[in-house]
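# Working through the structure, step by step
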Amino acid sequence: MRIGKRGERWLTRWLVAALVGAGLWMGGAVCRAQENPLDEVHTPAPPPPPKTPEQAKPVIEGAENAARYATSRRDARIRVDVNLVLVPATVTDPMNRLVTGLDKDNFQVFDNNVGQVIKNFSTEDAPVSIGIVFDLSGSMSSKFQRARKALDAFLRTSNPKDEFFVVGFNDRPAVIVDYTSDVDDIDARMVMLKPENRTALIDAVYLGVDKLRQAKYDRKALLIISDGGDNRSRYTEGELRREVRESDVQIYSIGIFDQYAPTTEEQMGPVLLSDICDMTGGRMFRVLDLNDLGDIAARISAELRNEYVIGYTPSDMRKDGNWRKLKIRLVPPPGLPPLTVHNRQGYYAPTE
């Protein structure tokens, strides 16, 4: 098609205007990215579509060789038939102290109330992929320095082969430190942060659980350090509970709660954190004295390094994708006081 000189001049003006407009749009995007320090790092993508039970099965793992190959790179997923269910568990005494040294015979496992034969039993200090969800909202201003030191105590008492990432959150969550085993690098980045603005706790935990899908190790844990309460999230509590239930992540939290919570959100914060920890076999530790933060963080690290991992092949081999309840009963050695076992509440069976 041929155009005259007038058409050529019109086409030239149109191209110049389009290029200038694109330049202005890009410049505006750069300016907006500098308004908040958390914009300088990776922010969460839009929520993924709901997972099917096949995508969500949390503790179903393949045979030993399959697991070894699958964990040799990030984003690997084990896609095998029903094999072994692995259940991490910790045991505490009436003083809430960690109990170690128990044997396979001290445990009984029930899958949907049916007793199972324990085929694998381990207390090995295997490496863990750990996500840190750290509260950077304005209410943490007076607690930030001690909370940061508590995080440092946790990192430095972990297995040297553990890998970590950090999600910071105020008005929205962002990955401020990606997967690394360099504890000094994490500490250096945390020093530069400043608490401010509101609290998107639910969004931050959701992002942390989702980020652990990229973990290098089979064992995955999330540590939440927060003073509780949510007043900014897009996700709801129900959506978070479903995400946690479908994951294979063990969640611990350090709750630095104010004695008198003035808002409904702050009053419900401890309940939410306690519930999601119990669902996964982890625990919430309430901080009564800020001076105890470091000891609590080191204690959580010790629990992760001293878990019992119990494996069994389910007697129900149906691939129906249904939720199956897990229960572990203790048979303690004679002379010990009553003990408490902490473990995940269940898992989703695979599908055809």
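The following refers to the structure shown. These figures come from a predicted structure and were not determined experimentally. Numbering of residues starts from 1 in every chain and runs along the sequence as written. The model is predicted, so local features are restricted to residues of pLDDT at least 70 and side-chain atom pairs to those at 80 or more, both for listing and for counting; the totals for chains, interfaces and linings are taken over all residues. Only hydrogens and water are set aside; all other atoms, that is, all heavy atoms of the structure, feed into the side-chain values.

### Some thoughts on the packing of aromatic side chains
In summary, the pairing rule links any two rings of Phe, Tyr or Trp, Trp by its six-membered ring, whose centres are within 6.5 Å, and it sorts them by plane angle into stacked for under 30 degrees, edge-to-face for over 60 and tilted for everything else. For the coordinates displayed, the defined rule picks out 7 aromatic pairs. Ring geometry for Phe107 against Phe121: centres 5.6 Å apart, planes inclined by 45°, an arrangement best described as tilted. Within this pair, whereas Phe107 is found in strand E3 (residues 107-111), its partner Phe121 is found in strand E5 (residues 118-122), the two being separated by 14 residues in sequence. Ring geometry for Phe107 and Tyr308: centres 5.1 Å apart, planes at 50°, overall tilted. In this pair, Phe107 is assigned in strand E3 and Tyr308 in strand E12 (residues 308-312), connecting sequence segments 201 residues apart. Each member of the pair Phe107 and Tyr308 is classed as buried. Put simply, the rings of Phe107, Phe121 and Tyr308 touch in pairs and so form one group of aromatic residues. The way it works is that DSSP assigns letters per residue, a run of H or I at least four long becomes a helix, a run of E at least two long becomes a strand, and they are numbered from the N terminus. Whether a residue is buried, partly exposed or exposed follows from its accessible area with a 1.4 Å probe, protein chains only, as a fraction of its type maximum: under 20%, in between, or over 50%, in that order.

### Structural notes on the side chain of Ser226
Mapped onto the fold, Ser226 is located in strand E9 (residues 220-226). By definition, residues are in contact when any of their heavy atoms lie within 4.5 Å. Excluding residues within four positions of it along the chain, Ser226 makes contact with Asp135, Met140, Phe169, Leu201, Ile254, Gly255, Ile256 and Phe257.

### Details of the pattern of salt bridges
The term salt bridge refers to a pairing of a side-chain nitrogen on Lys or Arg with a carboxyl oxygen on Asp or Glu at a separation within 4 Å. Scanning the entire structure with this criterion turns up 19 salt bridges. The partner of Arg213 in a salt bridge is Glu243, with the nearest N and O atoms 2.9 Å apart. On the criterion of sequence distance, the pair formed by Arg213 in the loop between helix H6 (201-211) and E9 and Glu243 in helix H7 (residues 237-246) is long-range, its members being 30 residues apart. Linked through salt bridges whose partners overlap, the residues forming this network are Asp316, Arg318, Asp320 and Arg324.

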